[in-house]
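As a plain string of letters, each chain reads:
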Amino acid sequence: MRRPTRTPPSPLPQRHGVDPVRVRLPATGPWSTVREHLVERLTGAGDGTVDGLFEAGRIVGADGRPVPSDAPYVPGMFVWFHRDLPDEVPVPFPLEIVHRDEHIVVADKPHFLATTPRGGHVAETALARLRRMLDLPALTAAHRLDRLTAGLVLFTVRPEERGAYQTLFRDRRVHKEYEAVAPYDPSLSLPRTVRSRIVKERGVLTAREVPGEPNAESRVELLGHRPPDGAAKGPGGLARYRLVPATGQTHQLRVHMTALGVPILGDPLYPVVTGPVPVGDFRRPLQLLARTLRFTDPVTGEEHRFRSGRTLAAWASYARWAAGT
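None of the values given here were measured: they were computed from a predicted structure.

Criteria and thresholds
Residues numbered from 1 in each chain as written. Predicted model: local features only at pLDDT ≥ 70, side-chain atom pairs only at ≥ 80, totals over all residues. Heavy atoms only, no water. Buried < 20%, exposed > 50% of the residue type's maximum accessible area, 1.4 Å probe, protein only. Helix = DSSP H or I, 4+ residues; strand = E, 2+ residues; numbered from the N terminus. Pairing = 2+ DSSP bridges. Salt bridge = Lys/Arg side-chain N within 4 Å of Asp/Glu carboxyl O. 1 Å grid on protein atoms, 1.4 Å probe; cavity = no way out; pocket = protein on both sides within 12 Å on 5 of 7 lines; lining within 4 Å. Points joined across faces, edges and corners; volume = space filled by probe spheres on them. Nonpolar A, V, L, I, M, F, W, Y, C, P; charged D, E, K, R; others polar. Core = buried A, V, L, I, M, F, W, Y, C linked by side-chain atoms within 4.5 Å.

**Student:** Could you give an account of the pairing of strand 2 (residues 78-81), with specific residues and numbers?
**Tutor:** Here strand 2 shows a buried face lined by Phe78 and Trp80 and a second buried face lined by Val79 and Phe81. With 4 bridges connecting them, strand 1 (residues 21-24) and strand 2 associate as antiparallel partners. Of the residues in strand 2, the one forming a bridge with valine 21 is phenylalanine 81.

**Student:** Before we move on, can you summarise the pattern of salt bridges with the specific residues and values?
**Tutor:** Applying the stated criterion across every chain, the model contains 20 salt bridges. For the salt bridge of arginine 131 with aspartate 19, the shortest nitrogen-to-oxygen distance reads 3.2 Å. Of the two residues, arginine 131 is situated in helix 3 (residues 126-134) and aspartate 19 in the segment before strand 1; the sequence distance between them amounts to 112 residues. Here arginine 131 falls in the buried class, since its relative accessible area comes to 8%.

**Student:** Hey, could you go over unusual backbone geometry for me, with residue numbers and the actual values?
**Tutor:** Note that the residue after leucine 190, namely proline 191, is joined by a cis bond; omega there is 5°. Assignment of secondary structure puts proline 191 in the loop between strand 7 (175-183) and strand 8 (192-199). With an omega dihedral of 5°, the bond running from tyrosine 270 to proline 271 counts as a cis peptide bond. Following the sequence through the fold, proline 271 ends up in the loop between helix 5 (252-259) and strand 12 (288-296). We note that histidine 16 has phi near 55°; this positive angle belongs to a residue other than glycine. Take histidine 16: it is sitting in the segment before strand 1.

**Student:** I'd like a description of the layout of surface pockets, backed by residues and values.
**Tutor:** Put simply, the second largest pocket is a space of about 890 Å³. Around the second largest pocket, the lining is made up of 36 residues, and of these Val18, Asp19, Pro20, Val21 and Arg131 lie nearest the centre. Elements with a minimum of two residues in the lining of the second largest pocket: strand 1, strand 2, helix 3 and strand 5 (140-141). Class assignment for the residues of the lining of the second largest pocket results in 19 nonpolar, 8 polar and 9 charged.

**Student:** Now, about the nonpolar core: what can you tell me, with residues and values included?
**Tutor:** Formed by 37 residues in total, the largest nonpolar core has its most connected members in Leu139, Phe155, Tyr241, Leu243, Met257 and Leu288. When contributions to this core are tallied by element, the ones reaching two or more residues are strand 4 (104-109), helix 3, strand 6 (150-156), strand 7, strand 11 (238-245), helix 5 and strand 12. At 4 residues, helix 3 tops the list of elements feeding residues into this core. Leu38, Phe54, Val79 and Phe81 belong to the second-largest nonpolar core, a separate cluster that totals 16 residues.

Right, here's the structure in full:
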């Protein structure tokens, strides 16, 4: 049996809390130089971008030395480089620390802040912010919240312990509760458990329910209801719901609430996809909050229960939330 190749440590430091890109050259291929492979692999970057990285000496090998553009292709070789960071509008809301010890950090993420670098959100992410705030370059995320969802996220301090905490989520040994604000339907019988099969196709913005064996389960409970202040929101007014997912399909809670006829306020994807929100528009956030996390620490054995201190704006004042103030 072939032993897996050990990944060498990065020779480049983080920039703004963001790790460098690491590329391992495939075992086989038609390329004669490292440059040829990177040009093909980084198709979206274009030849000029790759050549610019080589010319600036920004593509380095495991020894930290710049790799020449004509360096011969070596199967299994690792190279590192930093991409140019995209221009990002800062998310103007604080990232709160709920808990910190030598093993974990629990943060209370605001709406609009991505959990980890992805796409156009790189330095303006919860992970990058925390690395900078706490001077913890090895910090990693144990799970992820959608960018539009606020609330509790668990991060791990020590890379060697990350797998233990990720396993908690994989094995559904973390009890998670969410809160949402959505229309109130007096004919909707609650509490209830919603089960369905949800699929999310690559490149498609929305997930959808399809016939078949259920792979998604959510419990929906009513916490309270009242007429909204300001403009009416449906004949029944507004309600606050507790949502308890037993599974973790993409957009699961948003899909299930829409299926019940009470889509979550501020959702740009459900029940219909609306036009893209302009960059820097932080009004009317999705009214979904990861309220609590409860689990037994796999490293220390301690029983943890964390609660977000955030409030959902549409419940505090629907009129102000609707006006975007």
